[in-house]
Amino acid sequence: MKSLHTCSIRLIALGMTLLPSASVASAQNFSDIKPSAQQTAWQDLEFGVIIHFSTNTFLDREWGDGTADPSVFNPIAFDPDQWMKAIRDSGAKYVVLVAKHHDGFCLWPTEQTAYSIKSSPWKSGKGDVVGDVARAARKYGLQFGVYLSPWDRHEPNYKDSAAYDAYYQSELSELASSYGDLVEFWLDGAGSAGHVYNFEHIIETLRTYQPNTIVFADTGLFEYGDARWVGTESGRVPYENWNVIDRHGYLRWRPVEADTPLRKEHWFWHPNDEASLKNLSELLITYDQTVGHGAQLMLGLAPDRRGLLPESDVARLEEFGSALRARYARNLSLQHALVAAEVAAALDGNPDTFWTAPAGSHHSALEISFPKPITFNRALTMEWLDNGQRIQKYSIDIWTGTSWKTVTAAQAIGHKKIDIFPAATAARVRLNILSSTDAAAIREFQLYKVDESAE
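Residues numbered from 1 in each chain as written. Predicted model: local features only at pLDDT ≥ 70, side-chain atom pairs only at ≥ 80, totals over all residues. Heavy atoms only, no water.

## As for the environment of Val98
Then comes step 1: Among the secondary structure elements, Val98 is positioned in strand S2 (residues 94-100).
Then comes step 2: Considered as a pair, Val98 and Ile50 are 48 residues apart in the sequence and their alpha carbons are 7.1 Å apart.
Then comes step 3: Residue contacts for Val98: discarding those within four places in its chain leaves Ile50, Ile51, His52, Leu107 and Tyr147. (Helix = DSSP H or I, 4+ residues; strand = E, 2+ residues; numbered from the N terminus. Contact = heavy atoms within 4.5 Å.)

Here is the structure:
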């Protein structure tokens, strides 16, 4: 990771996800593990952004060393409303602000150090970036969270584990108690230099003020997180995505969040950097390979020295949101012929309703008939996860008139699976659940005809 994860204590491998057929601790079973209500609500958000804005912004740096003079922080046109409108228009549902990066500079008027915006010329030292961003996010209907870097390259007490832990806990208490409900708290093991973080105490402090916050953590911090890092910053999930993973012989529900910056390899703003802005096609592929693979997309944004998102970034975010809305504006499954109410619950465009296969079944099918043939090249399927992730293998089939023909097949569905395949035409389509640990439950089975050449 270029910014958030480099030097982290990584005890993770991409192959660490657990398939249902893998051996597990005798006291637990894959299919018995269920998410919390907070986890399923967070997974329904699907798309968030993380914002990097600090002294690095003014010094053309990705990595600060803790020596930057606070006087460099002075955005002349700071406008978080401008950020939030663009973020909302992109389709994102939540915002995580980097309140303190590894350089130790704090974006709120903390009582723990003078190395903060209190010592900057911005608003004569009376400003509060965290508070302003939190208010703007909620104004635009977005949920708000924070990242507080454990690594601190400025704080002299960092070399003293006990003293720094007390310092960090005090910073965390300020953030957790002063800015309303936090949807997500980023936590990683960035930096070390012999420092061993007291992650158990960190979570205890957070939970005192924020019992419902989703804690994002590396798989190496398995015991403390509610969601896990995907393993790369590529903006894709390169493996079958199972929400349950195994560490130390224990199974836990740990859904994936995939973080990637809007500008290639850059989390902070840099001058003369227009060539790094990802194009629409790249963003749509990122969406398909994160949200479309059952994961959370976390897109990195960087305001410039003015305190504004660059105009090109704003335009790209709006373009991205418009393209996503256009892609999924016409759900062909809504054109289905009359079906039983139970089946209709998976075809109605409402993820709060769902179809359930016969009790105790390990193979089942959800079939749709249409008054006339439809042509489609994309399917969006959502599994109802409150009772666990059950589907192990499935196919999507069409009726040729004499037999069923498979157009695509895979393993995990999870929160959401977007399958892309050559266009198929049929008046009968089925979601064929070839293997499930228990009766499958489907929130949505949607079909689309997407013309990617028109995007």
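Having seen the model, we can carry on.
## Focus on the side chain of Asn56
Then comes step 1: Mapped onto the fold, Asn56 is located in helix H2 (residues 55-59).
Then comes step 2: For Asn56, a relative accessible area of 1% corresponds to the buried category.
Then comes step 3: For Asn56, the residues in contact, after removing those within four places along its chain, are Arg61, Glu62, Trp63, Gly64, His101, Asp103 and Phe268. (Buried < 20%, exposed > 50% of the residue type's maximum accessible area, 1.4 Å probe, protein only.)

## Concerning the confidence of the model for the chain
Then comes step 1: Put simply, the chain has an average pLDDT of 91, and 93% of its residues get 70 or more.
Then comes step 2: Low confidence marks residues 1-26, where pLDDT is under 50. Its contacts with residues over four positions away, or in another chain, come to 90 contacts. (pLDDT = per-residue confidence, 0-100.)

## Topic: the packing of aromatic side chains
Then comes step 1: The final tally for this structure, using the stated rule, is 25 aromatic pairs.
Then comes step 2: With 6.2 Å between their ring centres and 50° between their planes, Phe53 and Phe58 make a pair best called tilted.
Then comes step 3: Measuring from ring centre to ring centre gives 5.5 Å for Phe105 and Tyr115, while their planes differ by 90°; the resulting arrangement is edge-to-face. Here Phe105 is found in the loop between S2 and helix H4 (129-139), whereas its partner Tyr115 is found in the loop between S2 and H4, with ten residues between them in sequence. The same class applies to Phe105 and to Tyr115, which are both buried.
Then comes step 4: Here a set of aromatic residues connected by ring pairs shows up, and it is made of Phe53, Phe58, Phe73, Phe78, Trp83, Phe105, Tyr115 and Trp122.
Then comes step 5: One Lys or Arg, Arg254, reaches over the ring of Phe222 and ends 5.4 Å from the middle of that ring.
Then comes step 6: Its guanidinium or amino end placed over the ring of Trp399, Arg428 lies 4.8 Å from that ring's centre, counting from NZ or CZ. (Phe/Tyr/Trp six-rings, centres within 6.5 Å; stacked < 30°, edge-to-face > 60°. Lys NZ or Arg CZ within 6 Å of the ring centre and 35° of its normal.)

## Some details on the layout of surface pockets
Then comes step 1: Considering only enclosed or pocket space, the largest pocket measures out at about 600 Å³ in volume.
Then comes step 2: Around the largest pocket sit 25 residues that line it, and Glu46, Lys93, Tyr287, Tyr328 and Lys416 are the ones nearest its centre.
Then comes step 3: Elements with a minimum of two residues in the lining of the largest pocket: helix H1 (37-45), helix H8 (311-327), strand S12 (364-383) and strand S16 (441-448).
Then comes step 4: A class-by-class count of the residues in the lining of the largest pocket yields twelve nonpolar, six polar and seven charged. (1 Å grid on protein atoms, 1.4 Å probe; cavity = no way out; pocket = protein on both sides within 12 Å on 5 of 7 lines; lining within 4 Å. Points joined across faces, edges and corners; volume = space filled by probe spheres on them. Nonpolar A, V, L, I, M, F, W, Y, C, P; charged D, E, K, R; others polar.)

## Thoughts on the sheet that holds strand S3 (residues 143-148)
Then comes step 1: Spatial ordering of the closed barrel is given by S1-S2-S3-S4-S5-S6-S9-S10, a layout of eight strands whose pairing is parallel. Neighbour-to-neighbour, the strand axes of this sheet turn through a mean angle of 25°, independent of strand direction.
Then comes step 2: Direction of pairing for strand S1 (residues 47-51) relative to strand S10 (residues 296-301): parallel, over a ladder of five bridges. Considered in S10, the bridge of Ile50 is made with Gly300.
Then comes step 3: Together, S2 and S3 form the strand contacts of H4, whose direction differs from that of S3 by roughly 155°. (Pairing = 2+ DSSP bridges. Axes fitted to C-alpha atoms, helices over the stretch in contact; angles between N-to-C directions.)

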